[in-house]
Amino acid sequence: ESAGVALDAEAQVSQIQQALVNNLYWVQGKDEQFANAHDYYTALAHSVRNQLLQKRIRTAKTYAQERAKTVYYMSAEFLMGRQLGNGLINLGLYDTMRHALADCGLDLDELLEREAEPGLGNGGLGRLAACFMDSLTTLNLPAVGYGIRYEFGIFTQLIRQGHQVEAPDKWLSYGNPWEIARPDYRVEIKFGGHTEVYKKDGDDDYQVRWIPAQTVIGIPHDVPVPGYGTENVNLLRLWKAEAGEAFDLDAFNAGDYFGAVANKMISENITKVLYPNDETRQGKELRLQQQYFFVACSLQDIIRLHLRDHGSLENLAEFAAIQLNDTHPAIGVAELMRLLIDEYNFEWAAAWQITQRTFGYTNHTLMPEALEKWSVDLFGKLLPRHLEIIYEINHRFLAQVKLRYPNDPDRLERLSLIEEGGERRVRMANLACVGSHAINGVAALHTELLKQEVLQDFYELWPDKFSNKTNGITPRRWLLQCNPRLAQLISETIGDSWITNLDDLKQLEAHLDNEVFRHAWQAIKQENKWSLARYIHDTVGIKVNPDSMFDVQIKRIHEYKRQLMNVLHVITLYNRMVQNPGDHVVPRTVIFGGKAAPGYAMAKLVVKLVNAVADVVNNDPIVAGRLKVVFLPNYNVSQAQRLFPASDLSEQISTAGMEASGTGNMKFALNGALTIGTLDGANVEIREEVGADNFFLFGLTTEQVAACKAVGHNPWCYYDTNPELKRTLDVIASGLFSPGEPDLFLPILDSLLVDDPYMVMADFAAYVQCQEHVSRTYEDRDRWVRMAILNTARIGKFSADRTIADYAREIWKVKAVPVAGE
Ligand code: 26M
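How each quantity is defined
Residues numbered from 1 in each chain as written. Predicted model: local features only at pLDDT ≥ 70, side-chain atom pairs only at ≥ 80, totals over all residues. Heavy atoms only, no water. Helix = DSSP H or I, 4+ residues; strand = E, 2+ residues; numbered from the N terminus. Polar contact = N/O pair within 3.5 Å; in protein donor to acceptor, adjacent residues only side chain to side chain. Axes fitted to C-alpha atoms, helices over the stretch in contact; angles between N-to-C directions. Parallel < 35°, antiparallel > 145°, perpendicular 65-115°, else oblique. Left-handed = near helix turned anticlockwise from the far one by under 90°. Contact = heavy atoms within 4.5 Å. Nonpolar A, V, L, I, M, F, W, Y, C, P; charged D, E, K, R; others polar. Domains from an automatic or database assignment. Buried area = accessible area lost by both parts, 1.4 Å probe. Salt bridge = Lys/Arg side-chain N within 4 Å of Asp/Glu carboxyl O. Pairing = 2+ DSSP bridges. Phe/Tyr/Trp six-rings, centres within 6.5 Å; stacked < 30°, edge-to-face > 60°. Buried < 20%, exposed > 50% of the residue type's maximum accessible area, 1.4 Å probe, protein only.

A. Spatial organisation of the side chain of serine 548. Within the secondary structure, serine 548 is located in the loop between helix H21 (515-540) and strand S18 (549-554). Engagement of the side chain of serine 548 in a polar contact is seen with the side chain of threonine 589, the distance being 2.6 Å.

B. Representation of the packing of helix H11 (residues 332-343) against helix H12 (residues 348-358) within the structure. Put simply, H11 and H12 touch, their axes get as near as 9 Å, and they point 140° apart. One element, H11, and the other, H12, form an angle in the oblique class. Crossing geometry of H11 relative to H12 is assigned as right-handed. Residue-level contacts link Val333, Leu336, Met337, Leu340 and Ile341 of H11 to Trp348, Ala351, Trp352, Ile354 and Thr355 of H12. Here the residues of the contact of H11 with H12 are counted per class, giving nine nonpolar, one polar and no charged.

C. Quick look at the domain arrangement of the protein chain. For the protein chain, the domain assignment lists domain 1 (66-82 + 117-471 + 806-812) and domain 2 (475-524 + 540-589 + 644-798). Computed from C-alpha atoms alone, the centre-to-centre distance between domain 1 and domain 2 is 36 Å. Each partner contributes residues to the interface: domain 1 has 29 residues there, and domain 2 has 25 residues. Of the roughly 2,100 Å² buried between domain 1 and domain 2 on both sides combined, carbon and sulfur atoms contribute 58%. Between arginine 476 and aspartate 134 there is a salt bridge, with the nearest N and O atoms lying 2.9 Å from each other. Counting across the interface, domain 1 meets domain 2 through nine residue pairs in polar contact (both at pLDDT 80 or more).

D. Structural context of the sheet that holds strand S15 (residues 425-427). The three strands lie next to each other as S13-S15-S14, forming an open sheet whose pairing is antiparallel. With partners counted over all chains shown, the strands left at the sheet margins are strand S13 (373-375) and strand S14 (418-419), one partner each. In terms of strand pairing, S13 meets S15 through three bridges, oriented antiparallel. For tryptophan 374, the partnering residue across the bridge sits in S15 and is valine 426. Against the sheet, helix H16 (residues 428-435) makes contact with S13 and S15, and its axis sits at roughly 40° relative to S15, the strand it touches most.

E. Seen up close, the packing of aromatic side chains. As enumerated under the stated definition, the model contains 18 aromatic pairs in all. Between phenylalanine 132 and tyrosine 807, the ring centres sit 5.6 Å apart and the planes meet at 65°, which makes this aromatic pair edge-to-face. Taken together, the residues span a long stretch of sequence, with phenylalanine 132 in helix H6 (residues 124-138) and tyrosine 807 in helix H33 (residues 800-812) at a distance of 675 residues. Each member of the pair, phenylalanine 132 as well as tyrosine 807, carries the same accessibility label: buried. The interplanar angle of 85° and the centroid separation of 5.1 Å between the aromatic rings of tryptophan 716 and tyrosine 719 together place this pair among those described as edge-to-face. Linking tryptophan 716 with tyrosine 719, this pair stays in helix H28 (residues 716-721), spanning three residues, or about one helical turn.

F. Structural detail: the pattern of salt bridges. By the definition in use, this model includes 53 salt bridges. Its salt-bridge partner being arginine 809, residue aspartate 806 comes within 2.9 Å of it at the nearest N-O pair. Placement of the pair is aspartate 806 and arginine 809 together in helix H33, with a separation of three residues, close to one helical turn. Each of Arg182, Asp222, Arg237, Asp301 and Arg304 takes part in one network of salt bridges that share partners.

Structure, rendered in structure tokens:
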């Protein structure tokens, strides 16, 4: 029998090789002889895609037959990361493929590197959507992700003379083998114009109709989403905007050729580029167009599918659960009402019930500047009918509130969907709350703060709508795929059930006292660090000491995340080494990665400061081998997959009460890095799970931050009483890091010493002290390894499989529909 298996494997290998050669020839028009690595990548991607499409077709049939309730996850962002490696792992083809390629002299790892990264998101929110898609499929839950097919994703970050420079992300320039365009499911989307009242034939009632000014076409582009160890394949359906067919006929006929083509460009602009703002919104018209465009496309698609399978929209909420990933798709509440009332002739009350029962809303931020509000003026010009509907929703809602709180005009003002006083604005979070049956935060602390602060009035009105759903990450990409050596050690030790049941990692604890196991664990971390050190040298030319502690902060650059505090610590370490060169130190390599929003001056200045400090520190022989600073340009999902496995220390140091959850924190711990962090977001729950002894905690709590601000925080007193902090700021002020530009970093010093809104000064001493504790612990390498193992062993709660199972049971009421094997 083993001979039979061997033969089968051999047959499989030659089958794979034949498929690749065929693709090169018939699809790409290339002879084997002239094919380069990218051509082979494309051939391989097509062969994986074909297998996924086959499974997808069988999945769609099963879902339709079973009349299954479906989750529609609406998100303006999906940060999927590269697909090929993930597809191979999910299909169980990874090892076979590696051997088949090696047979032809090709290196799988090298081909995987040829894939362009689909960066269709800013950061945490978009990556969460991608992890959720992985878990939805792995759990066999019928689901569609709806989003935008941006032609340019998050910008490419270049560093020039230490400054961030943005370049366009041309991710589609070599084609995208993962999508398939579906022009047969195109939809028409209208914008602008006005509304009018009319009487329908044979009907006494008046109806409203929208006479729009423009039509844009939405073309779905489908990306198959595989799961681990399942036949099911779900869909990510991304919409591309094109000009309407008749866009130009009138103009052409009038002889206005140029105007006609210009109009076409305006339509196609809608899905041109991802807005690179994370957490701050600007009321840009194109952004509202993007939001309405993808939501309106998706709702038409949902309705088409629902009517196909169920015949009437009466029971929409029984078969469709639509989740709003933040307020970006919240306009969907008004659009579904418009469709039901204007197009499908529902009465208001019935339409409203269907709408509320169908939508759920997830909030992702406590930062007030991130709450979306659209000027009523702009809104009415772009979506006049939707503005009317929002006014009507508001009118009925506030009437209901008035009954409950008869003499509370302030409360009415706060709950209103319209912000008054100054420019009137539509509050999208209020629209999302009113239009949904479920509202959730993304970590326990975040949900509590939502209930007590940002959404307090809604919580008092409808406490039962609120729940917490602590974020999670997919263990497939964030351990199995990115850290194959550790994944293998774990599977050899406790079996491989952890891949779909992450709580099983607990079994590692039984091996804590096994010295061989601990050495193997440490050796893997060391190998991962060597490989990262090579990558750092290849990309930025810096030689780092692979035996030093890899201290890593990778996330969007934002003041509340406090990369600045981390740099101040680095400068402090540098000052110490310069002043006392003979003192014993624990060597560190401090690594930063992250993009600053292009219009966020302070964040860009922090990028410059990191690079400027790196220039000085890395070229000073006094600290050689003991301190290095690295800023890795263009942090993205692919780079993250190299960084988490090679990290010793995870920096999660946001001001308490400001980070909704964080998900990078989970990826570090899963890969055996220890956290230095504040009691913020999911850090609180991570610490609870891994144990206080295995987590480096420091800093003010949310309450202490609030109390400090209430009495008036005076940053100067920290400067005056902490000589090391004083020296650190003085060194920046001296111009050491800005030769020839003495004032360059003044805005940073000003921010720290005038307002210090993020409490960097207040937390600095505690942070530095905690870092000393980190260093001492790292010196006892065996103790460190034990702590690392315990972090991995106890992180099971943060699997996105758990998160999604909670959403499915408590919000969506959806059940698994497994597709039978062939
Ligand atoms: C808004 C307007 C224009 C352009 C972009 C935006 C925008 C985009 C993303 C605003 C906010 C955006 O994301 C917020 C976000 O990423 N929140 C993060 O969500 C993660 C997943 O829940 C959490 O882990 C992070 O703590 C939270 O910051």
